[in-house]
Structures are given as structure tokens and as C-alpha cells.
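Structural description and commentary
One letter stands for each residue in the lines below.
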Amino acid sequence: MYEYDVIIPAAVKDYVKLPFCVEGLKNLNPAPKNIFIVSSRRIKLEGCTWINEKEVLDIAPEDINYRRNNWIYQQLIKMCQDFTGEWFMTVDSDFVFKKPIELSSDGYPIYYFNNYPQEHRPYFDFMDKIWGLKKVINYSFICDFMMFRKKLCRELIPDTKKFVKRLNEIISEDCLFSEFETYGNYMAEKYPYSFKINKINVDMHGKHMPNLFGSEEIKQLLKQQTDADAVVFHSWT
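For every chain, the first residue of the written sequence is number 1, and numbering continues from 1 along that sequence. Local features in this predicted model are restricted to residues whose pLDDT is 70 or higher, and side-chain atom pairs enter the listing and the counts only when it is 80 or higher, whereas totals over whole chains, interfaces and linings include all residues. Excluded from the side-chain calculation are hydrogens and water; included are all heavy atoms of the structure.

Turning next to the nonpolar core. Nine residue types can take part in a nonpolar core, namely buried Ala, Val, Leu, Ile, Met, Phe, Trp, Tyr and Cys, and a core is a set of them joined through side-chain atoms within 4.5 Å. Burial status follows relative accessibility: with a 1.4 Å probe on protein chains alone, a residue under 20% of its type maximum counts as buried, one over 50% as exposed, and anything between as partly exposed. By size, the foremost hydrophobic cluster in this structure holds 77 residues, and its most contacted members are Ile-8, Leu-76, Met-89, Val-91, Phe-97, Tyr-183 and Ile-200. Here this core gets 6 residues from one element, more than from any other, and that element is helix H2 (residues 69–80). Excluding residues that lie within four positions of it along the chain, Leu-76 makes contacts with Leu-57, Ile-59, Ile-64, Gln-81, Ile-157, Phe-163, Val-164 and Phe-177. One finds Ile-218, Leu-222, Val-231 and Phe-233 within the second-largest nonpolar core, a separate group that totals 8 residues. Helix numbering and strand numbering both begin at the N terminus, where a helix is a DSSP run of H or I of at least 4 residues and a strand a DSSP run of E of at least 2. Pairs of residues are marked as contacts when any of their non-hydrogen atoms sit within 4.5 Å.

With that out of the way, let us pick up the side chain of Ser-235. Structurally, the position occupied by Ser-235 is in strand S13 (residues 230–236). Assessed through its relative accessible area of 6%, Ser-235 is described here as buried. What qualifies as a polar contact is a pair of N or O atoms within 3.5 Å, subject to a donor-acceptor requirement within protein and to the restriction that residues adjacent in sequence count only when both atoms come from side chains. At 2.8 Å, the side chain of Ser-235 and the side chain of Lys-17 are in polar contact. Those residues within four positions of Ser-235 in sequence are excluded, and the remaining contacts are Lys-13, Asp-14, Lys-17, Lys-207, Met-209, Leu-212 and Phe-213.

The mixed open sheet is built from 5 strands, whose spatial order is S4-S3-S1-S5-S10. Single-partner strands in this sheet number two, and they are strand S4 (49–52) and strand S10 (145–149). The average angle at which neighbouring strand axes cross in this sheet is 25°, direction not considered. Two strands form a pair only when DSSP identifies at least two bridges running between them. Summarising the sheet, strand S3 (residues 35–39) and S4 pair through 4 bridges and their orientation is parallel. In the strand pairing of S4, Ile-37 is matched with Trp-50. Only the stretch in contact is used when fitting a helix axis, every axis being a line fitted to C-alpha atoms; angles between N-to-C directions are given from 0 to 180 degrees.

This is the structure in C-alpha cells:
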């Protein structure tokens, strides 16, 4: 497998989780070449490079006409950035690997699905309207982390501004963009023999805002003995 970088986009509500997320990356095999944290505030963590999220794209969150515009903007950072190498893996900042994770097999990248089945129709309706892309796999690609290749991202979104203009015309609660479902199903349809599939077991913990996870609470939850390969700490808005 080719060398790759890791991108961790981080919202303010998830900053407390970042040290645990970064520590968990030690379980990745092979290890990443670089780790980039993308956020609005400067983050200093050993072994990581901070990227100002406001300088990544040629659009701003305010250009997106949706109530959760920062969430959409974060997805576009993943698919439209140009500061990594050709291969890059995105890891959500509330996600922590607990056990060794193999990222390739026989030279092919491995894509994971987790033990929480998802079938969110608005994601597939958006894919269909924008790209004529159907759901072609009987599981969800939403897994809090994913390996991407720039070449495929550019095939999907060659021009960020034009894409956002089209997105604004159709986005709603019933028609939503998902970077994971879009990229995964595009790859499965166009390049079906370019990857392999495996399952990851994830323990999920969640809180609704304004309740937040604290550092000590996360430490205690990570100490729990379970069969999980990873743990996620969602803070829902």
C-alpha cells in the first residue's frame, strides 16, 4: 500500500478528545507519514501539524445554505483539501482506536464497516441527484474513518465552488451530503476491485449538547474491558 497522511478535522466541542484520538493512531498499520489536525483554533499536539480550517478551501461555511453548515464544510475539507499526499485517511476527532487495525491486504486498502448498521435515505437521495449514483453495497460506509485518494475525490468534486452552488439548490433534511457514503459507493461502482472490506467493532458513547465529555470520563470509558476495536464519543448538536 502507498504511504498516506491522516487528517483529523476538529470542532471546538471535540478538542478534549483530540489527545485520545491521536494516541489511538498508534494502532494503525502501516503508520501514517503525517498527522494533520484541522480546526479553527491552533492545536499543539506532539507529532501533529495544525492546519487552519479557514485556509483550506476557496469557500467558507457561510457559503453553505444549511443549518449545519459547519458539518458540511468539514466534509468538504476532507474531500477537497490539497495539503496531503495522494492517499490520506480521515479520522473523526471523537474516534479512538483501541486495538491494532490493518489498513491494507495484498497491497489493497481495506475499507471498514462497523457494527452499527445505518440506512439514512437522505444521503442516497443526494448522491442520486448530484451524480446519478446509487447505493451499490448492502452496508454503510459511515465508519468515522476512511481512506481516500485525491484522484477519486477530484473525479467527484472537480470544482468546490460549483459543487457548493449545486448543493445549495437541493440540500434539505431529506437530501443530505455524506462524504463517506458518496466516496464509498462511487469507489464500489467505478473501481470495485481496488479495495477490500472488513468489519470493525465500535463501542459508542454519546451526549447531547450542551453536555460534554470530560477528559477523566473518557479515560475511564477507555479502560472498560470490551471486545471493541475502537470507541467513539459523540457530542450531538
